Amino acid sequence: YSSATQIQMDQKRDGATKVSYVYQCGDCNSFSFQPVGIKRTYRNQQKFASGGLTVGEKCEICDGQLQMGGPIWTEAIHDMSWIRDMQRRLRRDKDYYSNLLPSFNQILDLLARLREELMDVPMSVSV
């Protein structure tokens, strides 16, 4: 049995596992992430802890000085299985949804763009 308060606390703690501090080198611009929190399973229970210090004081590539920023979101923004499911449903019942939703084609286009999110490349910018 979990109380509503316990569930809310776990959701907040889980959020801390999805954000990180950014450490960027002032010389070569390489960067590393330091998670704010981590989640571990211990005896069939989820335990949350601080991310600990995993980034050193100097850049591993050029030994330059690191600058800290953040925290920023470093996990996936969208649920890809939900997006695929919505695309499948909309295409399967295209006649129904295209009559019901005037913006049907725009919705399909948006879902296609959302699927293009790079899952493992935070801070990616396409110019």
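Analysis parameters
Residues numbered from 1 in each chain as written. Predicted model: local features only at pLDDT ≥ 70, side-chain atom pairs only at ≥ 80, totals over all residues. Heavy atoms only, no water. Phe/Tyr/Trp six-rings, centres within 6.5 Å; stacked < 30°, edge-to-face > 60°. Buried < 20%, exposed > 50% of the residue type's maximum accessible area, 1.4 Å probe, protein only. Helix = DSSP H or I, 4+ residues; strand = E, 2+ residues; numbered from the N terminus. Expected span 1.5 Å × (residues − 1). Arc of directions from axis to C-beta. Contact = heavy atoms within 4.5 Å. Pairing = 2+ DSSP bridges. Axes fitted to C-alpha atoms, helices over the stretch in contact; angles between N-to-C directions.

Participant: Sorry if this is basic, but what is going on with the packing of aromatic side chains here?
Facilitator: In this description, a pair of aromatic rings is defined by centroid distance and the angle of the planes. Applying the stated criterion across every chain yields a total of two aromatic pairs. Ring plane angle 65° and centroid distance 5.4 Å describe the contact between Phe31 and Phe33, whose orientation is recorded as edge-to-face. We classify Phe31 as partly exposed; its relative accessible area is 38%. Judged by relative accessible area, which is 25%, Phe33 ranks as partly exposed. For the pair Tyr96 and Tyr97, a centre-to-centre distance of 5.1 Å together with 70° between the ring planes defines the contact as edge-to-face.

Participant: Would you mind going over helix 2 (residues 80-92) with me for this structure?
Facilitator: Think of an α-helix as 3.6 residues a turn; residues three or four steps apart then line up on the same face. In a regular helix each residue adds 1.5 Å, so 13 residues correspond to 18 Å; helix 2 covers 18 Å between its end C-alpha atoms and thus fits that length. Burial in helix 2 covers these residues: Met80, Ile83, Gln87 and Leu90. Projected onto a plane normal to the axis of helix 2, the buried residues spread over an arc of 95° and lie on a single side. Residues of helix 2 that are exposed and angled more than 90 degrees away from the buried face: Arg88 and Arg92. Buried-residue contacts for helix 2 involve helix 3 (94-100) and helix 4 (104-115).

Participant: Just to check I follow, could you spell out unusual backbone geometry for this structure?
Facilitator: Cis geometry is found at the peptide bond from Gly70 to Pro71, where omega equals 10°. In this structure, Pro71 sits in strand 5 (residues 66-73). One non-glycine residue with positive phi stands out, namely Arg43, at about 55°. Positive phi is not limited to glycine here, since Asp63 has a value of about 70°.

Participant: Looking at this structure, how should I read the sheet that holds strand 1 (residues 19-25)?
Facilitator: Two strands in a sheet stick together by hydrogen bonds in their backbones, pointing the same way (parallel) or opposite ways (antiparallel). Reading across from one edge, 2-1-5 is the order of the three strands in this open sheet, with antiparallel pairing throughout. A strand with exactly one partner marks an edge of an open sheet, and here the two such strands are strand 2 (31-35) and strand 5. For this sheet the average axis-to-axis angle between neighbouring strands, irrespective of direction, equals 30°. The sheet contact formed by strand 1 and strand 2 spans five bridges and is antiparallel. What sits directly across from Val22, in strand 2, is Phe33.

Participant: Any chance you could explain the pairing of strand 4 (residues 45-50) here in plain terms?
Facilitator: For a regular strand, side-chain orientation follows a simple rule: the groups alternate between the two sheet faces. Taken together, the six bridges between strand 3 (residues 37-42) and strand 4 define a ladder with antiparallel strand orientation. Bridged to Ile38 within strand 4 is Ala49.

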